[in-house]
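Structural description and commentary
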Amino acid sequence: NLFTEIENAVRSYSTIIPEIFAQSLFSHSDHSHVLFTLLWGQKSRYMTSVGQVHSNGKLLVKNEVFPNLLFGFNGKEFVVTTTRLGYSIFSSYTLVEPPDNEFGRIRKNGTWTGMIGQLEMRKVDMMMAPASVQASREMAMDFTYPFYFDTSNFLIKKPDPDAEKWRVYVDPFHWQVYICIAFALPVCAGILYLVETYNPFFRDSTESPHNYQYGFWYMFGALLTQGGENPPVAQSSRALISFWWIFSLVIVATYSGNLIAFLTVSKEKLPLSSLEEVGSQSEYKWGTLGGSYFITLFEHSTLPSFKKIWAGLQHMNQTDTAVLDPEPDVHIAKVRSEKYIYIGDKISMEARVSNDCSLVISKEEFPNMNYGVGFPNNSLHTELFSKTILELLESGIFQIWKHKHWPVKTHCRAESTAEAKKIRFIDVQSAFYLIACGFTQNEEKDKIKVQNELDDTIEKNTHGLVLKLISRTVLHRKNADFRSIIDD
């Protein structure tokens, strides 16, 4: 009981949570116990007194309770697991990598793979890696206070801006706008025809109302700001045409403004903007780091979009195992070389796109990521490192390190250059396509017209030739009957 009271008193006194690599010994006296600790000296270890503990439970401390914390954790060599060899953080340490090169995922038997599995089996003392703090991982390991807060995104290659230049004259309006215009034109032409037909104005007038074809082409010309000949003369018809002209001016002005913007400004519209769209298409493949938190997230999520992502990963992994490769460089290479989407943490993607203008990060951000240092369960180092991390965050040293060592984003020329853009042939190629369609249509009409005229000529000439043959036959065969003449 006395030993338990001493241990509790020491823990409550010190704000530094130790894993004591020194050894505490107690020497007995009549009314108190002297508290010793083992220090690491230049040549050897030695015992020193740090205080006394009375039999009534009171603690008297005259020195640091755990001074060995100031001397490299009493000379202990740390075994640190990481997926990347890092900087020296201890006076003595050994860096190891997990055999499967994974962060860690739950097996069917409940154990963990990767670095989390190493901590779970206490093969290492610490995990130094961008590991996100998750409730499921807390069952197998301990996390310090998060040293970085981030989100998740997906990485995709920018589409070729010239690939869809052929539709530049269609892009200024949404397809719904075109449908509304195509519906309004014949309907308004029909209304104009009815107004003209049943207008009392034409009962006593020498002029006749216009037909439907006239109204249709007149309104179509108004959409092209051209109008037509012989405008309506009735007041009701002119009122309808006036509102149609206002409508046409608004449509034409809006279209012209958007068309100029499309021709002069390069748009970078991503083909996909959310995980919902990624999981609902088949043009692009997608993948993420194997054995990472994302595997657990997608596999056990109840969200429909995440379920689609996981189902797609399982299906694509059967023919392409690289979609679940634990190496980030494999995914980046696939993004650059094919239609592929890499799902991961934003912090690593920012470093990738900083000097590569061909890659872009999605705007949609999903589950927040908190990164912490990992320790085995119930490790006494956890609170010590948490306190130090919190002090570094409050002092702003992490932001200083980030600005100092993080790659600086390179401004792409297309994003930073404010100069006039020359219109290339590929920018206006659709205009030539329209001309080609017009020529083709006219040529087909001309062929049909010539064919009809030729048929009429042949028909007329054939009839004349038949009549001439019949008359000549009648003249030469006066005694022939009518049937024989027809047969000839």
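First things first, this report covers the structure right here in the doc. On a predicted model such as this, the values are computed, not experimentally measured, just so you know.

Each helix and strand counted, the chain has 17 helices and 14 strands in total. Residues classed as buried in the chain amount to 36% of the 488 residues present. By sequence separation, contacts in the chain at least 24 residues apart represent 64% of the contacts at least 6 residues apart. Total accessible area on the chain stands at roughly 30,200 Å², and carbon and sulfur atoms take up 58% of it.

The subject of this paragraph is the side chain of Ser362. If you trace the backbone, Ser362 turns up in the loop between β12 (359–361) and β13 (366–371). Not counting the four nearest positions on each side in its chain, Ser362 is found in contact with Asn153, Phe154 and Leu270.

With that out of the way, let us pick up the pattern of salt bridges. Two side chains with opposite charge may pair up if their charged atoms get near one another. Applying the stated criterion across every chain, the model contains eleven salt bridges. When the shortest N-O distance is used, the salt bridge between Glu338 and Lys285 registers 3.8 Å. Within this pair, whereas Glu338 is found in the loop between α11 (328–337) and β11 (340–345), its partner Lys285 is found in strand β10 (residues 285–288), the two being separated by 53 residues in sequence. Given a relative accessible area of 32%, Glu338 falls into the partly exposed group. What makes Lys285 partly exposed here is its relative accessible area of 27%. When the shortest N-O distance is used, the salt bridge between Glu391 and Lys387 registers 2.5 Å. Placement of both Glu391 and Lys387 in helix α13 (residues 381–395) is noted, with a separation of four residues, approximately one turn of the helix. Residue Lys387 is classed as partly exposed on the basis of its relative accessible area, which comes to 37%.

Take the pairing of strand β5 (residues 78–81) next. Bridge count between β5 and strand β6 (residues 93–96): four bridges; the pairing is parallel. Each bridged residue has a counterpart across the sheet, and for Thr81 the counterpart in β6 is Val96.

This part covers helix α5 (residues 175–197). Its 23 residues place the ends of α5 34 Å apart at the C-alpha level, agreeing with the 33 Å of an ideal helix rising 1.5 Å per residue. Taken together, the buried positions of α5 are Ile181, Ala184, Leu185, Cys188, Ala189, Gly190, Leu192 and Glu196. Summarising the contacts, the buried residues of α5 are in contact with α6 (212–223) and α7 (235–264).

Now for the pairing of strand β9 (residues 148–157). β9 sits mainly inside the fold: eight of its ten residues count as buried. When β9 meets β13, the two strands line up antiparallel, connected through four bridges. What sits directly across from Phe149, in β13, is Asn370. One ladder, built from four bridges, connects β9 with β11; its direction is antiparallel. Opposite Leu155, over in β11, you have Tyr342 as the bridge partner. Sheet topology places β9 next to β12; three bridges connect them, and they run antiparallel. In the strand pairing of β12, Leu155 is matched with Ile361.

Let's shift gears to unusual backbone geometry. The backbone of Asn101 shows a phi angle near 60°, a positive value even though the residue is not glycine. With respect to the helices and strands, the residue Asn101 is situated in the loop between β6 and α3 (114–120). Judged by its relative accessible area of 22%, Asn101 falls in the partly exposed class. Of note in the backbone geometry, Asn378 takes a positive phi value of approximately 60° without being a glycine. Following the sequence through the fold, Asn378 ends up in the loop between β14 (374–375) and α13. We classify Asn378 as exposed; its relative accessible area is 68%.

What counts as what
Residues numbered from 1 in each chain as written. Predicted model: local features only at pLDDT ≥ 70, side-chain atom pairs only at ≥ 80, totals over all residues. Heavy atoms only, no water. Helix = DSSP H or I, 4+ residues; strand = E, 2+ residues; numbered from the N terminus. Buried < 20%, exposed > 50% of the residue type's maximum accessible area, 1.4 Å probe, protein only. Contact = heavy atoms within 4.5 Å. Areas by Shrake-Rupley, 256 points an atom, 1.4 Å probe, with all protein chains shown as cover. Salt bridge = Lys/Arg side-chain N within 4 Å of Asp/Glu carboxyl O. Pairing = 2+ DSSP bridges. Expected span 1.5 Å × (residues − 1).

These values are about where atoms sit, not about what they do.
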